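Listed here are the chains, written in short residue letters.
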Amino acid sequence: MITSLKKFDCVLVGSGPAGFVFAASLLQKDPSLHIALIEKKSLKAIIEGNQKDHRTTTLSAYTCDILTSLGVWKDLEPHTVAIKEIFVTDQNKDSSGLTFDEKDIGKPFGYTINNTILRGILAKALKKIDNLTIFDDSHIDNIDRTISNIRISLNKKWRLQTSLLVGADGRFSQIRQHFKFNLDSKPYKQSALVSLVDHEKPHNGTAFEAFYPEGPIAFLPYKDTAGKESTSALVFCGEPHAILALQKSTNTFVLELLQSKVPPLFGKVKKVYNKQVFDLEIGKVKSVYQARVVLIGDAAQYIHPVAGQGLNLSVRDAKMLATHLANMAQLGLDLGSKTILAAYQKQRHIDIWSMIGLTHSLVRLFSLRNPIASCSRRMGFTIINNLPFAKNFLMNRAMGYKTSMRFPFKK
Amino acid sequence: MENAYNQDVDEIKKFSDISDQWWDEKGTFKALHWITIPRVQFIIDHLKESFSKKLKNIQCLDVGCGGGLLCEPLSRLGYTIKGIDASAKAISVAAQHATDMELSIEYINQDLSDFKVNGSKVDVLFLLELLEHVPNPRSLVHDALECLKPGGLLFFSTLNRTWKSYVLGIKVAENILKWAPKGAHSYEKFLKPSELQGYFEEKNFSIIDIKGLTFNILKGDWSLSDDLTINYIGVAKKTG
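Okay, so let's go over this structure. Model, not experiment: these values are computed from the prediction. (Residues numbered from 1 in each chain as written. Chains lettered and ligands numbered in written order. Predicted model: local features only at pLDDT ≥ 70, side-chain atom pairs only at ≥ 80, totals over all residues. Heavy atoms only, no water.)

**What to know about the overall build of chain B**
For chain B, the helix and strand inventory stands at eight helices and eight strands. The C-alpha radius of gyration computed for chain B amounts to 17 Å, which stays within 12% of the reference 18 Å derived for 240 residues, consistent with globular compactness. Based on the C-alpha atoms only, the size of chain B along its principal axes is roughly 45 × 40 × 40 Å. Taken over 240 residues, chain B has a buried fraction of 54%. In chain B, 28 side chains carry a positive charge and 32 a negative one; their mean positions are 3 Å apart. (Helix = DSSP H or I, 4+ residues; strand = E, 2+ residues; numbered from the N terminus. Rg over C-alpha atoms; globule rule 2.2 N^0.38 Å. Buried < 20%, exposed > 50% of the residue type's maximum accessible area, 1.4 Å probe, protein only. Lys, Arg positive; Asp, Glu negative; His and termini not counted. Charge placed at Lys NZ, Arg CZ, Asp CG, Glu CD.)

**Description of the overall build of chain A**
Scanning chain A from N- to C-terminus turns up 12 helices and 20 strands. Considering only contacts in chain A between residues 6 or more positions apart, those separated by 24 or more positions represent 76%. (Contact = heavy atoms within 4.5 Å.)

**Structural notes on the interface of chain A and chain B**
Listed as interface residues are 19 residues of chain A and, on the opposing side, 19 residues of chain B. Three residues, Leu331, Thr339 and Lys346 of chain A, lead the burial of chain A against chain B; their summed loss comes to 35% of the area buried on that side. Here Glu102 of chain B and Lys7 of chain A are joined by a salt bridge, their closest N and O atoms 2.8 Å apart. Contributing elements (two or more residues each) for the side of chain A that touches chain B: helix H9 (310–330) and helix H10 (338–367) of chain A. Broken down by element, the residue count for the side of chain A that touches chain B peaks at four residues, all from H10 of chain A. Here the residues of the side of chain A that touches chain B are counted per class, giving seven nonpolar, seven polar and five charged. (Buried area = accessible area lost by both parts, 1.4 Å probe. Salt bridge = Lys/Arg side-chain N within 4 Å of Asp/Glu carboxyl O. Nonpolar A, V, L, I, M, F, W, Y, C, P; charged D, E, K, R; others polar.)

**As for unusual backbone geometry**
Residues and elements named next belong to chain A. A positive phi angle, near 55°, is found at Lys189, a position not held by glycine. When you line up the elements, Lys189 lands in strand E12 (residues 183–199). Among the residues examined, Lys189 registers a relative accessible area of 69% and is labelled exposed. A positive phi is found at Asn204, a non-glycine position, where the angle reads about 50°. Here Asn204 is to be found in the loop between E12 and strand E13 (206–212). On the basis of relative accessibility, which here comes to 53%, the residue Asn204 falls in the exposed class.

**Some remarks on the state of the cysteines**
Residues and elements named next belong to chain B. Enumeration over the complete set of coordinates arrives at zero disulfides over all chains. Counting only cysteine sulfurs, Cys65 is the nearest neighbor of Cys71, a cysteine outside any disulfide, at a range of 5.1 Å. Take Cys71: its relative accessible area is 0%, and that puts it in the buried class. (Disulfide = S-S within 2.5 Å.)

**Digging into the sheet that holds strand E7 (residues 110–114) of chain A**
As a general point, the strands of a sheet are linked pairwise by backbone hydrogen bonds and lie either parallel or antiparallel. Residue and element names in this part refer to chain A. Read from one edge of the open sheet, three strands run E3-E7-E4, paired in antiparallel fashion. Both outer strands of the open sheet, strand E3 (56–60) and strand E4 (81–83), are each paired with one neighbouring strand and no more. This sheet shows a mean twist of 30° between the axes of neighbouring strands, independent of strand direction. Where E3 and E7 come together, five bridges link them in antiparallel fashion. (Pairing = 2+ DSSP bridges. Axes fitted to C-alpha atoms, helices over the stretch in contact; angles between N-to-C directions.)

**Re helix H3 (residues 61–69) of chain A**
In an α-helix, one full turn covers 3.6 residues, which means residues spaced three or four apart are oriented alike. Taken residue by residue, H3 of chain A has Ala61, Thr63, Cys64, Ile66 and Leu67 of chain A as its buried positions. Two residues or fewer past H3 of chain A, Gly71 of chain A is found with a positive phi of approximately 80°.

**Focus: the nonpolar core**
If you look at the biggest cluster of nonpolar residues, it comprises 119 residues, and the most contacted ones within it are Phe20 and Phe22 of chain A together with Phe126 and Phe155 of chain B. Leu127, Leu130, Cys147 and Phe156 of chain B belong to the second largest nonpolar core, which has 27 residues in total. (Core = buried A, V, L, I, M, F, W, Y, C linked by side-chain atoms within 4.5 Å.)

**Things to note about the packing of aromatic side chains**
Summed over all chains, the structure comprises 16 aromatic pairs over all chains. Measuring from centroid to centroid gives 3.9 Å for Trp22 of chain B and Phe29 of chain B, while their planes differ by 0°, and the two rings are stacked. Exposure class is identical for Trp22 of chain B and Phe29 of chain B. Each is buried. One aromatic cluster is present, formed by Phe87, Phe208, Phe219 and Phe266 of chain A through successive ring pairs. The lysine or arginine in question, Lys261 of chain A, covers the ring of Tyr212 of chain A, its NZ or CZ lying 4.1 Å from the ring centre. (Phe/Tyr/Trp six-rings, centres within 6.5 Å; stacked < 30°, edge-to-face > 60°. Lys NZ or Arg CZ within 6 Å of the ring centre and 35° of its normal.)

**Some points on the pattern of salt bridges**
Residue and element names in this part refer to chain B. Per the stated rule, a full pass over the model turns up 21 salt bridges over all chains. A salt bridge links Lys14 to Glu11; the nearest nitrogen and oxygen atoms lie 2.6 Å apart. Linking Lys14 with Glu11, this pair stays in helix H1 (residues 9–17), spanning three residues, or about one helical turn. For Asp123, the salt bridge goes to Lys149, with nearest N and O atoms at 3.5 Å. Taken together, the positions of Asp123 in strand E4 (residues 122–128) and Lys149 in strand E5 (residues 148–159) put the pair 26 residues apart, joining distant regions of the chain. Asp123 sits in the buried class, given a relative accessible area of 4%.

**Some details on the pairing of strand E2 (residues 35–38) of chain A**
All names here are of chain A. On E2, burial covers both faces: Ile35 and Leu37 on one face and Ala36 and Ile38 on the other are all buried. Handedness of the strand E1 (residues 5–13)-helix H1 (residues 17–29)-E2 crossover: right-handed. In this structure, E2 lies alongside strand E8 (residues 132–135), joined through four bridges in parallel fashion. Among the inter-strand pairings, Leu37 is bridged to a residue of E8, identified as Ile134. (Right-handed = clockwise from strand over helix to strand, strands pointing away.)

Right, dumping it as structure tokens:
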């Protein structure tokens, strides 16, 4: 039976990090707004999680600041590991490493956390937000847009009406597909094998990344449920057929291969867990909005995991959109109007493009096989290691803070 | 051509002909939609500061309301607002849009002088982007002031008469950027803030705040500034 129409100022689709940050920030700034959240899965299932999914996310320092301001960091922190050092090498050749140390900046670069745990804690926090109406375990039957609103029917039961629909429903966004947003996407001809690796020595908060022409290999510091710190999250990128073969091969073989690719600081690699494979692709919508619809997070753009920036970009989208909409609501403006959404897109433009540019060039740069490229990469490392301002710029970017290159002259 | 009212018949026809475009945010009135954000910001700040009564008891009148770009946000916030315009077509577009948006706003095809004759008074009166389109801005300002209750506010916005507003406000905006329809503005109708201040002083009113509306090329958006050389918005109140 169809119930009566429920009206909202904003309807959000997706309960991931972008969705959480958006809903929590918006209602924190303006508790009088009526917001609804639609989630395909049940929040209960998200909270229970899939224990076999070892994907790990990097939370930049700026993302942690936002999560702190939303009151959820205290629940997340016990499950995170602080990244105290980042060690980057070109093909794991000893002399060519680039080291970023937290001592240079006085705080950790960021924190790693298991995706499943992160999603679960955020889902719990969503349930606690007052005046957020949650429709979970919900299937969207129909979406109808007029000049003044969008109407959504759910589970053949509910009908919602809203001025603005926010799609935070991930890389395969249903909202993006429904409204036929123009997506530019390109596969990297790389896949990633994701798992956990036990190693002999504790990681001491070191994130390691080695660049190979086939793709980067990363170890991210991980904390298992027992709090043991000699496990790292593995991201092994390479040509798709090779990665699939690696997934099928024996763990002994994988361990031997890894041993030759990681630096001695981890000691002997001892155990590898359930291996998952993901295809890597870069994608970005030409415009993040249409009348009454806006996309944030992976629904709007997704990038290579090489720099661990995907989630942080999503969180910045969510935070900025929430702040912007709260300001516009104070002025009584129509939140779904193109003028308001265009203003948001303008504010986000530079950050999104520079992050896509930075990640994409990293992938491209390290894919070049010729010796000149390889040699200049290592020269580049040496130069960056010795130029404090270049290093600070890169570190600040990685931490998610807005920075600009400062020119050595005054106005 | 002028009629019995303080109206320019050609101006009314010009705006009536394009009134179906009032709510096309990428169309003829694109720039007006953009500047609505800082304009409303300026207005709300002053309304909050000047009135302490319930929003629905604050009665506002938007003179030359066009498609209702200002009436809608104020109504959504809870203010009681009425829009009047010399163009019957603009009024019907505004009324239809308000219905679509589920807002209750009174729109009337009326001249301010008729409103004044009825003896109605309001707390807040808006003359936004209007002074440069009427034959006699001085008498429009004076009529408007007579419609205010004690302690009432009059908001105005227009273009300054400077070489910059001639080049950027007319030549560039109309011909190159197409932010305004061709022939939307004539330079000699622009007003200097000092001239407006003169009109107010004759009736013991004074400008209490004035800000420029400036387009920031780097950011690509409009904001309030201290640069009054092109577009500006201000508010006047009875002195003493």
